[in-house]
Amino acid sequence: MSESDTGAKPVRAEEPDGRFSVADHRFMARALQLAERGLWTTRPNPRVGCVIVRDGQIVGEGAHLRAGEAHAEVVALAAAGRRARGATAYVTLEPCSHHGRTPPCVDALLAAGIGRVVAAMEDPNPRVAGKGLAQLRAAGVEVAAGLMAAQAEALNPGFVMRMRSGRPYVRCKLAASLDGRTALASGESKWITSSAARRDVHRLRARSCAIVTGSGTVRADDPGLTVRDVELPPHWPGQPLRVVLDSRLRTSPQAAVVRGEGSVVLFHGVEAAPEAAAALAAAGARVERVATASAGGLDLGAVLASLAALEVNEALVEAGPTLAGAFLQAGLVDELVVYLAPHLMGHEGRPLLQLAGISTMAERLPLRILEVRMVGPDLRIRARPEAS
């Protein structure tokens, strides 16, 4: 899959670092390319690549492709065989030192006789957090970390965010006409953007752990929120978790989001009727109560903390202007993905976002543009909110 399909950043050179040679950079760049193979498939695990090099030649390489299956180091070591003894392992994330679904990669590296390990970054998982590198050093292995760390972290924004901040990385997807309207005054909105843009959204869904929307969108549009109409890799783990924020549990058990393939969770507040919760649970939904914000509505931070507990790394918010605006103003959006269609819908149409309390230019919400590109006839803008 290409960068245009995934939104992943291409590997670029870093500033020179005296600890690392040109060859080190080249081999780590290859490991990062391998890690990208797991972009859609490794959830909830991080995307990791590994290259084994001996006498300046690659003798084994591998990528982690799916949770519960072999880690990148194990795949690369198997390919290298006896040639791994005394070789250098380039890995995009610190080798794990604990038993999870698979044995520790540190043990595999030591058993293979690896002489040097170069890691792009330390693992932010508190269960690892430098312990893997320390074990390798204690066993006499030469260890270095920090090579192309920014690129490695960019491959795993959700895993890093969940481990460091206790919440998923949040993308907010929006689609509008060129004059910023998401629907006509009547509510009609199908379709604002082209089929090419809609396929691009399904690619975003495919790499996400969860898709988040509000009960208003469910009642108005009855969306399925599933991945469709895109080619999926063989290790794809299945439909992302569908998440509905519904403080009063007004979502019907017959809604497409409840009946669709995969799992769904509805977050509600104290005012939800017990019989509504029972009906949704009987339809197969997970129903979970969370705290209510002081200004009303659900506490979005509490929602994200609950998703992190469910091992959600990347959450894609596809919601109406009210909920999307609430996430943004709460400082809980890490990336905006906005599709602008080349037509005008007029001033009576519905706005892109509802952002309350902005009355002066100083109160604007600043953004940093990350990427602008065409998707079919539409314009896709990726942007990051910045502190004002």
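Throughout this document, residue positions are counted from 1 along each chain, in the order its sequence is written. Given that the model is predicted, a residue must reach a pLDDT of at least 70 before its local features are reported, and side-chain atom pairs must reach 80 or more before they are shown or counted; all residues, however, enter totals for whole chains, interfaces and linings. Values reported for side chains reflect all heavy atoms of the structure, with hydrogen atoms and water molecules removed beforehand.

*Asks:* Just to check I follow, could you spell out the side chain of aspartate 24 for this structure?
*Replies:* Within the secondary structure layout, aspartate 24 lies in helix α2 (residues 22-35). Among all residues touching aspartate 24, those that are not within four sequence positions of it are Arg19, Tyr90, Arg116 and Leu147. A run of H or I in DSSP becomes a helix once it reaches four residues, and a run of E becomes a strand once it reaches two; helices and strands are each numbered from the N terminus. The contact criterion used throughout is that any non-hydrogen atoms of two residues lie within 4.5 Å.

*Asks:* What's the story with the state of the cysteines in this structure? I'm lost.
*Replies:* Where two cysteines share a covalent bond between their sulfur atoms, that bond is called a disulfide. We call a pair of cysteine sulfur atoms a disulfide when they lie within 2.5 Å. Scanning all chains against the criterion turns up zero disulfides. The structure places no disulfide on cysteine 105, whose sulfur is separated from the nearest cysteine sulfur, that of cysteine 96, by 3.7 Å. As a non-bridged cysteine, cysteine 172 has cysteine 209 as the owner of its nearest cysteine sulfur, 17 Å distant.

*Asks:* How should a nonpolar patch on the surface be read in this particular structure?
*Replies:* The patches described consist of residues with a relative accessible area above 30% and no salt bridge, like charges being joined within 9 Å and nonpolar side chains (Val, Leu, Ile, Met, Phe, Trp, Tyr) within 5 Å. Surface accessibility follows the Shrake-Rupley procedure with a 1.4 Å probe radius. Residue values consider only the protein chains on display as shielding. By definition, a salt bridge exists where a carboxyl oxygen of Asp or Glu is found within 4 Å of a side-chain nitrogen of Lys or Arg. On the surface, a nonpolar cluster with roughly 210 Å² of combined accessible area is contributed by Leu355, Ile358 and Leu365. Along the chain, leucine 365 turns up in the loop between β14 (350-351) and β15 (367-375).

*Asks:* What's the story with the nonpolar core in this structure? I'm lost.
*Replies:* When a protein is soluble and globular, its nonpolar side chains tend to lie buried together. Here, the term nonpolar core denotes a set of buried Ala, Val, Leu, Ile, Met, Phe, Trp, Tyr and Cys residues that are joined through side-chain atoms within 4.5 Å. The rule is simple: take the accessible area with a 1.4 Å probe, protein chains only, and divide by the maximum for that residue type; under 20% is buried, over 50% is exposed, in between is partly exposed. Met28, Ile52, Ile114, Val117 and Leu136 are the most contacted members of the largest nonpolar core, which has 52 residues in total. At seven residues, α2 tops the list of elements feeding residues into this core. Aside from chain neighbours lying at most four places away, what touches valine 117 is Ala89, Val91, Pro95, Leu109, Leu136, Val141, Glu142, Val143 and Ala144. Ranked by size, the runner-up nonpolar core spans 32 residues in total, among them Val170, Val265, Val312 and Ile381.

*Asks:* Would you take a moment to explain the environment of histidine 25 for this structure?
*Replies:* Mapped onto the elements, histidine 25 comes out in helix α2. Sequence-wise, histidine 25 and methionine 148 are 123 residues apart; in three dimensions their C-alpha atoms are separated by 7.5 Å.

*Asks:* Would you mind showing me how to read unusual backbone geometry here?
*Replies:* Excluding glycine, most residues fall at negative phi; most peptide bonds, likewise, are trans. Here the amide bond leading from arginine 43 into proline 44 is cis, since omega sits at 5°, within 30 degrees of zero. Within the secondary structure, proline 44 is located in the loop between α2 and β1 (49-54). With a phi angle near 50°, aspartate 222 is a residue other than glycine that sits in the positive phi range. Here aspartate 222 is to be found in the loop between α9 (215-221) and β9 (241-245). Here aspartate 222 falls in the partly exposed class, since its relative accessible area comes to 38%. The phi dihedral of aspartate 229 falls on the positive side, at around 60°, and the residue is not glycine. In this structure, aspartate 229 sits in the loop between α9 and β9. Note on aspartate 229: relative accessible area 65%, which makes it exposed.

Honestly, it's all geometry; don't read function into it.
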